[in-house]
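# A structural walkthrough
Chain by chain, the residues run as shown.
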Amino acid sequence: MSSIRPSTPSARACATELASLLGARARDFALEWVECCDSTNARLVDAPPADDGRVHVLVADRQTAGRGRRGRQWLSWEGASLTFSLLWRFAPGTPAPAGLSLAAGLALARALEQLGVEGVQLKWPNDVLVHGEKLAGILVELLPVRGRPPAAVIGIGLNLRLPADAAIPDQAGVTDLAAALGGEPPSRPVLLAAILGEFHRLFDTYAAAGFPALRGAWEQRNAFAELPVAVRGESATLQGTCAGVDDDGALLLRTGDGVQRVLAGDVSLRPLLDGSR
Ligand code: ATP
Ligand code: BTN
């Protein structure tokens, strides 16, 4: 278990700038910006802060053990990546959080579009692409809470400027915000203010109406809509055409045997012609 290395003056200045950019919405977030930790998701999952009614946000300048789904690694570089997590507690009575990682992807996509990024696409269940290349990943982990709906830790890693020698394993194409915008990306406080603003709106919609209210907007950005795909599981691969997602955020795959519903979990979606992974 690793420690959090707490704020430096520059991390504190970033947090102060972020709070001021959030304006009145800042009161709904508890912001913590640290110099270094193993993984912002791990910190919030392993030691969730007490519930004070706010959404806790942990930002790290540097992660030493960033994680993706199913034990995979998320690579980031100090000053060249945005890595943070939110801890969101659902109100009592809220149903199980279906489609949450898709909803989070949509909030991130909207924030990027608002900042001028074109060609933003969503890859089921948890990636944000720009023109087919991975810009950001989202990792949602649920925390059981006794007698209440689970809380969710939503972690986001976004490439700002990939080092020229970045070697990212098992990923067909990666990109960064500098390439997507064709110039210097906004500062991390400015980016986070846009992203948290979108999450703020999304939490309201999602809490009131769930993923069905967001499904159409997700499908508009579906990177593989009506394209041939393979869904690889531990022991089998399904092939078909991507027919979108259902109200629970499950992938719909049109196959010779009809439309099959695939739950995120132990499966990975790939374009059918990509035989490399
Ligand atoms: P899946 O479709 O199963 O989600 P995935 O390749 O997107 O597959 P994830 O667990 O979502 O897998 O993300 C982790 C993967 O992301 C790593 O295995 C690596 O290929 C890729 N990755 C790691 N760091 C970065 C990064 N900074 N930018 C883009 N991709 C990265
Ligand atoms: C993925 O593509 O699998 C998701 C990657 C998520 C990476 C972010 S970086 C901030 C947070 N902390 C982590 O360890 N992971 C998430």
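Please read these numbers as outputs of a predicted model, since none were measured by experiment.

### A look at the site of ligand 1
Neighbouring ligand 1 are 23 residues; Arg 72, Lys 123, Asp 127, Pro 169 and Ser 268 lie closest to it. Here an oxygen atom of ligand 1 and a side-chain polar atom of Ser 268 are 2.5 Å apart. In the complex, 98% of the free accessible area of ligand 1, which totals 610 Å², lies under the protein chains. The greatest single-element share of the shell around ligand 1, amounting to 3 residues, is contributed by strand β12 (residues 268-271). In terms of residue class, the shell around ligand 1 is built from 8 nonpolar, 6 polar and 9 charged. Taken together, domain 1 (9-220) and domain 2 (228-269) each give at least three residues to the shell around ligand 1, which thus spans both.

### Description of the site of ligand 2
Around ligand 2 there are 21 residues in total, and Ser 39, Thr 40, Gln 63, Arg 67 and Lys 134 lie nearest to it. One nitrogen or oxygen atom from the side chain of Ser 39 is found 2.7 Å from an oxygen atom belonging to ligand 2. Within the complex, the protein chains bury 97% of what would otherwise be the 410 Å² of accessible surface of ligand 2. Residue assignment for the shell around ligand 2 shows that the elements contributing at least two residues are α2 (40-46), β3 (81-89), β6 (133-145) and β7 (148-159). Top contributing element to the shell around ligand 2 by residue count: β6, with 4 residues. Class assignment of the residues belonging to the shell around ligand 2 gives a composition of 5 nonpolar, 12 polar and 4 charged.

### Description of the packing of aromatic side chains
Taken as a whole and assessed by the stated rule, the structure comprises 4 aromatic pairs. Ring centres 5.7 Å apart and planes at 55° place the aromatic pair Phe 199 and Phe 203 in the tilted group. With Phe 199 and Phe 203 both in helix α5 (residues 188-209) and 4 residues apart, the pair spans about one turn of that helix. Feature note: the residues Trp 88, Phe 90, Phe 199, Phe 203 and Tyr 206 constitute an aromatic cluster, connected by ring pairs.

### Digging into the UniProt feature "domain: BPL/LPL catalytic" (unreviewed entry) in the protein
UniProt annotation of "domain: BPL/LPL catalytic" (unreviewed entry) refers to residues 22-207 when read in the numbering used here. Overall, residues 22-207 shows 26% helix and 32% strand. The separation of its end C-alpha atoms is 21 Å.

Parameters and conventions
Residues numbered from 1 in each chain as written. Chains lettered and ligands numbered in written order. Predicted model: local features only at pLDDT ≥ 70, side-chain atom pairs only at ≥ 80, totals over all residues. Heavy atoms only, no water. Near = heavy atom within 4 Å. Polar contact = N/O pair within 3.5 Å; in protein donor to acceptor, adjacent residues only side chain to side chain. Areas by Shrake-Rupley, 256 points an atom, 1.4 Å probe, with all protein chains shown as cover. Helix = DSSP H or I, 4+ residues; strand = E, 2+ residues; numbered from the N terminus. Nonpolar A, V, L, I, M, F, W, Y, C, P; charged D, E, K, R; others polar. Domains from an automatic or database assignment. Phe/Tyr/Trp six-rings, centres within 6.5 Å; stacked < 30°, edge-to-face > 60°. UniProt positions renumbered as here; feature names shortened; annotations may be inferred.

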